[in-house]
Structure formats: structure tokens, C-alpha cells
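Okay, here's what each chain looks like letter by letter:
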Amino acid sequence: MSKKILLIDGTWLTFKSFFGGFYGNRLVNSKGDITFAIHIFFSSVFKLIRIIKPDNIYFAFDYGSKTPRHQDYPDYKKGRAKPPDALLLQMKQIKKILSLANFLWSQHQDFEADDLIASLQKKIRETDPEAEIIIFSSDQDLLQLIDRKTIIINKIENNFINTQTVDNFFEKHGFHPDQVVDFKVLAGDASDNIKVIDGLGKKGAIKLLEKYKNLDNIFSNLDKINNKIAKQINEKKPKLLFFKDFIKLNQNANFDFDIFQKLKIKTSPALVEILKELELKKVHDALNEIATS
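This write-up is about the structure you can find in this document. (Residues numbered from 1 in each chain as written. Predicted model: local features only at pLDDT ≥ 70, side-chain atom pairs only at ≥ 80, totals over all residues. Heavy atoms only, no water.)

One non-glycine residue, K53, adopts positive backbone phi at about 55 degrees. The backbone of K213 shows a phi angle near 75 degrees, a positive value even though the residue is not glycine. For K213, the position within the fold is in the loop between helix 8 (201–212) and helix 9 (215–220). (Helix = DSSP H or I, 4+ residues; strand = E, 2+ residues; numbered from the N terminus.)

Over the atoms a probe the size of a water molecule is rolled, and this reveals where empty space is left. Roughly 1,200 Å³ of internal volume is contained in the largest pocket. In terms of lining, the largest pocket is formed by 42 residues, of which the most central are T11, D62, K77, R80 and D192. Where the lining of the largest pocket is concerned, the elements lending two or more residues are helix 1 (10–21), helix 4 (85–100), helix 5 (113–127) and helix 7 (180–187). Of the residues contributing to the lining of the largest pocket, the split by class is 14 nonpolar, 12 polar and 16 charged. In this structure, the lining of the largest pocket is formed jointly by two domains, domain 1 (4–171 + 250–292) and domain 2 (175–247), each of which donates at least three residues. Its boundaries defined by the atoms lining it, the second largest pocket holds a volume of some 510 Å³. (1 Å grid on protein atoms, 1.4 Å probe; cavity = no way out; pocket = protein on both sides within 12 Å on 5 of 7 lines; lining within 4 Å. Points joined across faces, edges and corners; volume = space filled by probe spheres on them. Nonpolar A, V, L, I, M, F, W, Y, C, P; charged D, E, K, R; others polar. Domains from an automatic or database assignment.)

Strand order across the open sheet formed by six strands is 3-2-1-4-5-6, with mixed pairing between neighbours. Two strands in the sheet have a free side with no partner beyond their single neighbour: strand 3 (104–106) and strand 6 (160–164). Between one strand axis and the next, the sheet turns by 25 degrees as a mean value, whatever way the strands run. Note that strand 1 (residues 4–9) and strand 4 (residues 132–136) share five bridges and pair parallel. Residue pairing across strands places L6 opposite I134, the latter belonging to strand 4. Sheet strands touched by helix 5: strand 1, strand 2 (56–60), strand 3, strand 4 and strand 5 (150–157). Its angle to strand 1, the strand with the most contacts, is close to 165 degrees. (Pairing = 2+ DSSP bridges. Axes fitted to C-alpha atoms, helices over the stretch in contact; angles between N-to-C directions. Contact = heavy atoms within 4.5 Å.)

Below you can see the structure in the form of C-alpha cells.
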């Protein structure tokens, strides 16, 4: 029976947990320490474990604000606000709890979280082409990883799970997973501060990809495309090719663990102590239940 591996974008889930709970009933312990993002983070993880029943789980985190991509393109993600200190502190505690509970996670100064996920997907495929891979994230760059054995979950609410698969991707987006990189190059991506072709936008990019399939075919058919857009594409070809390589996820990260080992959650006095100090009883009880089941 093929393995079922859950890959979680830990940075995205921490941000989602923090800002999703920021305006709600924010948990603090008796010392005044903010803990709501930690609680929401692990509540989401426990839901996924209960519903998906993965053989193992891996959490990928960004190392910091600067990456090799910033060296190649200094304006990358320019304008994004610095994360609040309360978020960063809770992320640090989340990583400590993950380590103490024996979850697999990593970060690397040369790779973003989505690069780590892409790298691990590649290594899983090389070992077991039939392994089921479930990615939990709403990072649009990860959409390029969807294939017949890889799905993405970007929302889980009660028993509802929003999945993106090979079968429903085109219906949701108007293009296919293997066109994600070319789509982002043509349409631009405001969140990453990437914009090459003016006046094209998402609808225009979809129309070009629907007719010509990929960027190379578009280059070969400029005489059939709107003159204004064709002129830009021709003049900015080097920039388009740069961003095609830039947007494609890096799959070269290495790992010092075996993702095919069975998930084995552990409890320890140190884990009990940190959860007691944070007064996260529900997280403690859920981890203890998983560890003894």
C-alpha cells in the first residue's frame, strides 16, 4: 500500500493562524503571553491528522526575510510589512513544540518553505512514484507541484476540505498545473512584486496559454498576437525568461531524515512543561492522545 505523506507550509500556517485569530477571542496565558496562533496552528494540524491519517508529516519554514532570490531580484516581495513580534515569538514556540513532539520540520537559509516542499516532493517521487502527497498551503507558487499523485489543500473548515487536484484545477483557474509558471510570468504577481507585461493581466495570460500552451510557443507566434502585447513580449523576452526560471521552485534541498518512517509523536517532560507554561491544555491533550494511540 502506497504511503500517504502530508507536507505543511509551516510559515504560511503560522501567519494564517496569527491573523485568522487576531480579531477573534485571542488566547493569552495567566502571565499575559499571547498563545492564540500556537493553539490555532496545532488545532489545524490535529484536524488534518484526523481526516487524512497520514503516514508521516513534514513542516517547512522560511529561514528569514532574505533569500538567494532577493540577490537575483532585489525588488522581490518589496513592500511587504515586517511580521509582528508576537507572530515571530509564537512561531519560535511552535518550532520548539514540533521538535519536542518529534514532528519533522526544517528551514534553510538558501531555500524558502515552498522550495523545501518541492524538494521533498521530488525525493519522495524518486523513492516511491505512487506515494500520495498532500500539501497544506495557499501559496500560489506551490500550485506548480500538483500532479496525479499530489494534491493541495488550502482550506479546512469543520469537515469541509478545499482541495486542488489535476482533475479540478482547470475548472478553478482556467489553465493547467504545468502552466502555472508561465501564467505567473505573463500575468505578473503583485505579492512578489513581479510585473513584466503591461495591459495583459490574468485574463489575457489565460487566453494566450489556452491558445499557445506555453511561453516558448508564444514567442514563436508573436505575429498572430495583438501588436501592442506582442511588441512588449518580444522586447522583454530576456526578462520573461529570467522570471520563468526565478518563479520555478528550487528542488535541490537535502534532508537528514527519512520521510517514509511512520509518524511517531512523543511526549516528554520538556514538552509537558512548555505546554503547561503556555497553558495550552487542549494542545497537550491532543498530542498525548496521538502519542498513545
